[in-house]
Structures are given as structure tokens and as C-alpha cells.
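Structural overview for review
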Amino acid sequence: MNVRRCALLVLLCAATGTVASGQGSLRPYVIVDDAIPASLTGTRGDPGRGRAIVVARQNTCLLCHSGPFPEERFQGNLSPSLKGTGARWNEGQLRLRLVDASRLNAHTIMPSYYRVEGLNRVAPAWRGKPILSAEQIEDVVAYLATLRDE
Amino acid sequence: MIVNSKRTQWLAPVAVMLGFAAIEVISAHAEIPLGERRSGYADLAPDTKAMQDDDTANPGMLWVQDGEALWNAKSGAANRACADCHNDARTTMTGVAARYPAFNSKLGRPIDLEQRINLCRVERQQASAFAYESKELLSLSAFIGKQSRGEPIAPPTDERLRPFLEAGLEQFNRRQGQLNLSCGQCHDDNWGKRLAGSLIPQAHPNGYPLYRLEWQAVGSLQRRLRNCIVGMRAEPYDYGAPEYVSLEIYLMWRARGLPIETPAVRP
């Protein structure tokens with residue numbers, strides 16, 4: 001994070017009374033209430049790519065969630081269905097829930113998909129890396145926002 | 001929501017009275033009430049249950065048979081068989097698997113059943129220790145475990161085990177890995193639910209070593225624990241690490257009273 005961006009974030013925080021964050025190699029972001037209003041990449045994600053990310057096994061969403069994925073045989077039931085999430089939350093709220101759901105609920109089992117600090121015994125292959133990249137987060141946010149049918 | 005309220009609950013120290021009141025554990029959150037504890041067997045599909053129930057269909061019995069042959073085979077510089085010291089395992093080994101890990105005074109720390117087998121290999125038979133997950137070690141521990149089938153898990157009331165039990169409990173509830181999960185979040189808070197296609201069991205160690213359909217082989221409890229640790233994207237410990245022994249001590253304590261099922265069958 002360069003010094004000027006840092007200073008800008010601090011100013012924003014002071015102005016809105018919220019928390020600025022950015023860890024290691026991750027891009028900084030600003031939390032306002034229960035949301036990260038601004039895109040992590042500065043651009044809109046792609047909902048088609050987002051859907052592919054959500055259903056891909058290695059991204060772990062369907063371990064816990066089910067959703068409108070008729071082609072997927074194995075979907076978890078540890079958490080709310082992703083159906084209708086776009087009607088319940090706006091993009092900024094979805095972004096914070098993906099980036100670091102533990103900021104909203106310290107006891108949640110939902111992993112923080114864009115966080116590298118405060119973790120224990122991470123296997124070497126994953127160490128220092130977020131589960132999803134900023135681009136992937138934006139794609140997933142764009143996709144979840146389209147899930148408006150309850 | 002249920003998950004959260006359960007985990008934020010802090011229980012007062014609970015003195016557990018179940019034959020070994022000496023051990024008292026302070027739990028960080030609601031454990032599964034004793035009356036609701038159930039073996040992973042309870043959640044098996046009917047055909048998997050049938051496979052475990054029938055010794056002629058249970059693939060784990062092949063390992064048990066190999067273990068019996070090893071039990072009776074003279075080995076090492078001492079040219080002695082397990083049977084030369086322990087006679088007929090059907091009588092001398094009953095209940096042993098139900099009370100391991102146990103504290104070893106000479107080593108000054110607890111050891112699991114596999115480590116006990118290897119101590120006999122090295123000290124009594126003057127032979128080399130078997131490698132973890134080797135056919136020999138799995139076979140002998142399956143054979144010894146089978147002698148406790150149906151016996152309730154009965155952890156020793158040995159105060160020297162207490163710090164290791166507490167370490168195991170702490171490990172069970174510590175979040176780890178890139179997914180930042182704890183064992184308890186799945187196995188205490190969400191057992192019975194589905195993690196993608198897999199039913200989450202309560203994580204009882206009462207069937208090990210067991211035949212896992214996914215492995216197409218018999219494997220140890222440590223292999224199972226490594227699977228879960230890798231699943232959390234955490235770094236697994238080396239086989240034989242003291243962390244596995246303390247985790248096993250806690251899992252055995254948590255499963256107290258459940259019958260040993262070795263060699264069990266699991267998906």
C-alpha cells in the first residue's frame with residue numbers, strides 16, 4: 001500500500017467513522033457500516049465468471065451453501081441458501097460478507113475470502129494468499145447481486 | 001442463530017461423573033450432551049452398515065487376519081512373537097484399545113496404541129519399528145483393536161494425562177488453516193448436516209483403524225485427522241506427532257462409553 005493511498009484511507013475513515021483495512025499484499029478497502037461500498041478492483045465484476053467461481057469445488061462455497069445450481073449434485077446445508085441473496089443485500093454488503101464475514105459475526109463459520117492475517121497454521125501452499133483474488137471477489141459479488149428470486 | 005449461540009456459551013467448569021470423575025475439563029462451548037453422542041456408524045448408509053456388520057463382507061477383516069499372523073510370528077533379534085509375551089490376544093488384549101492412549105512412565109508422556117506396538121517391536125523383539133500407515137502396523141493395531149469390539153471406551157483415570165487432555169480440547173476448538181475453522185465448529189456445532197455431499201459425523205475415534213471406501217484401504221485415526229486438517233487448509237502434523245496423541249486423548253474422552261467398532265467401515 002503506498003503512503004498516499006494510506007493517508008487517503010485514514011481521512012475517509014475519520015470522515016465516516018469507519019475502519020480502513022488492507023493487509024500485506026491485499027488491496028485496501030473501506031468499510032462503511034456493514035458494507036464495502038467500493039469495488040476492490042475499481043471495476044465491475046463479471047456475473048458469468050462469478051457463477052463459475054461459486055460452483056467450482058476448490059472455492060468451497062458449495063461445501064456449506066446450496067443455491068440455484070440444478071447441475072450440482074452436492075451442495076451443503078450448513079448455512080443459508082444463496083437463492084435470493086441479491087434481494088437481501090446490496091453489492092457493498094455482499095462484498096464485506098465475502099471479504100471478511102467475521103467482521104459482522106466473530107463466531108461465523110464462513111471463511112474470510114479476502115484476508116491473510118490472524119490465521120493459524122495455514123498450510124504452506126496457501127500461506128499469505130487470500131482464498132479468492134480481488135478480481136474473483138468482484139465477479140462473485142456481481143453474480144450474487146443477480147440472485148434476486150427468493 | 002444456533003451455531004453462534006452455542007459457541008459463545010461459556011460453560012462453568014464441569015465435573016464429569018462417568019466412572020472417571022477424576023478428570024474434569026473446562027469446555028469453551030457446549031459439547032454434545034452425553035446422551036446424544038453417537039458413533040459415525042449411526043449415520044452410515046444401510047449398505048455400508050451391512051458391510052461393517054458382516055465379517056465376511058468387511059474388508060477390514062483382511063487386515064485383522066494379517067495382524068493375527070504377525071501376532072504369532074517370531075521376529076527381531078530376540079526371535080520372539082507378540083504371543084510369546086502376551087499369549088492369546090483374545091483374552092489378554094480385550095479392552096486395551098478402549099483405554100489407549102495411556103501414560104508411559106518411562107517416556108514421561110502419553111503414547112497411542114501404535115506407539116505401544118512399536119515400543120514392543122523395538123524393546124522386546126529387538127526389531128525395527130513399523131512405519132506409520134504400513135500394512136504391518138495397521139494390521140496389528142486392527143487385530144488388537146478387534147479384541148475390544150463392543151467394549152465401551154474407558155479412558156484411564158490418570159491425572160498425568162490431564163494436561164494432554166486439556167491440550168487436545170484446546171486444539172479441537174482452535175481455529176486453523178486458510179478456512180479458519182475449528183474441529184468443534186463442524187463436529188460439535190454442525191454434526192448431522194451436509195458438507196457438500198458428506199454427512200458431518202460427531203468425529204468419534206471408536207472405529208479405528210478402519211476401512212474407508214474413499215481410501216480403498218484400512219487407515220489410522222491419524223490419517224483421518226490429517227484429512228480434516230488438510231481440508232481446513234492447515235498444515236498437518238507429521239505422523240506420530242504429540243499433537244495427534246493429545247487430540248486422540250480428547251477424542252477418546254469425548255467418546256467415552258461408545259463401543260469400539262474396530263475395524264469399522266466409513267465412506
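This is a predicted model, so every value here is computed, not measured.

A look at the nonpolar core
In terms of nonpolar packing, the biggest core is built from 50 residues, with B:W63, B:W71, B:L113 and B:I144 touching the most fellow members. In terms of residues, this core owes the most to one element, helix α11 (residues 242-254) of chain B, which gives seven residues. Each of two domains, domain 1 (39-53 + 158-266) and domain 2 (60-146) of chain B, supplies a minimum of three residues to this core. Residues in contact with B:W71, not counting those within four places in the same chain, are B:A81, B:C82, B:A83, B:H86, B:N87, B:A89, B:T92, B:M93, B:L140, B:F143 and B:I144. Counting 37 residues, the second-largest nonpolar core is a separate cluster that includes A:V54, A:F69, A:V140 and B:M232.

Focus: helix α6 (residues 134-145) of chain A
All names here are of chain A. For α6, which comprises twelve residues, the first-to-last C-alpha distance of 17 Å matches the rise-based estimate of 16 Å (1.5 Å per residue) to within 8%. Across the twelve residues of α6, ten count as buried, placing the element largely inside the fold. Turning to α6, its buried residues number three or more, namely A134, I137, E138, D139, V140, V141, A142, Y143, L144 and A145. Of the surrounding secondary structure, the elements contacted by the buried residues of α6 are α2 (47-55), α4 (85-88) and α5 (91-100).

Some remarks on the interface of chain B and chain A
Each side of the interface is counted separately: chain B has 24 residues, and chain A has 29 residues. Of the roughly 2400 Å² buried between chain B and chain A, counting both surfaces, carbon and sulfur atoms make up 55%. For the pair chain B and chain A, the interface holds one salt bridge. For B:E235, the salt bridge identified is with A:R127, shortest N-O distance 2.9 Å.

Side note on the domain arrangement of chain B
All names here are of chain B. Here chain B is partitioned into domain 1 (39-53 + 158-266) and domain 2 (60-146). Placing the centre of domain 1 and that of domain 2 at their C-alpha centroids yields a distance of 22 Å. With 21 residues of domain 1 at the contact, the number on the domain 2 side is 24 residues. Counting the surface domain 1 buries against domain 2, the share from its top three residues, R160, V218 and P263, is 25%. Counting every contact that joins domain 1 to domain 2 gives zero salt bridges. Counting the contacts that link domain 1 with domain 2 gives four residue pairs in polar contact (both at pLDDT 80 or more). Of all the elements in the fold, those that place two or more residues in the side of domain 1 that touches domain 2 are β8 (217-219), α10 (221-231) and α11. At four residues, the largest contribution of residues to the side of domain 1 that touches domain 2 is made by α11. Of the residues in the side of domain 1 that touches domain 2, the class split is twelve nonpolar, five polar and four charged.

About the thresholds
Residues numbered from 1 in each chain as written. Chains lettered and ligands numbered in written order. Predicted model: local features only at pLDDT ≥ 70, side-chain atom pairs only at ≥ 80, totals over all residues. Heavy atoms only, no water. Core = buried A, V, L, I, M, F, W, Y, C linked by side-chain atoms within 4.5 Å. Buried < 20%, exposed > 50% of the residue type's maximum accessible area, 1.4 Å probe, protein only. Helix = DSSP H or I, 4+ residues; strand = E, 2+ residues; numbered from the N terminus. Domains from an automatic or database assignment. Contact = heavy atoms within 4.5 Å. Expected span 1.5 Å × (residues − 1). Buried area = accessible area lost by both parts, 1.4 Å probe. Salt bridge = Lys/Arg side-chain N within 4 Å of Asp/Glu carboxyl O. Polar contact = N/O pair within 3.5 Å; in protein donor to acceptor, adjacent residues only side chain to side chain. Nonpolar A, V, L, I, M, F, W, Y, C, P; charged D, E, K, R; others polar.

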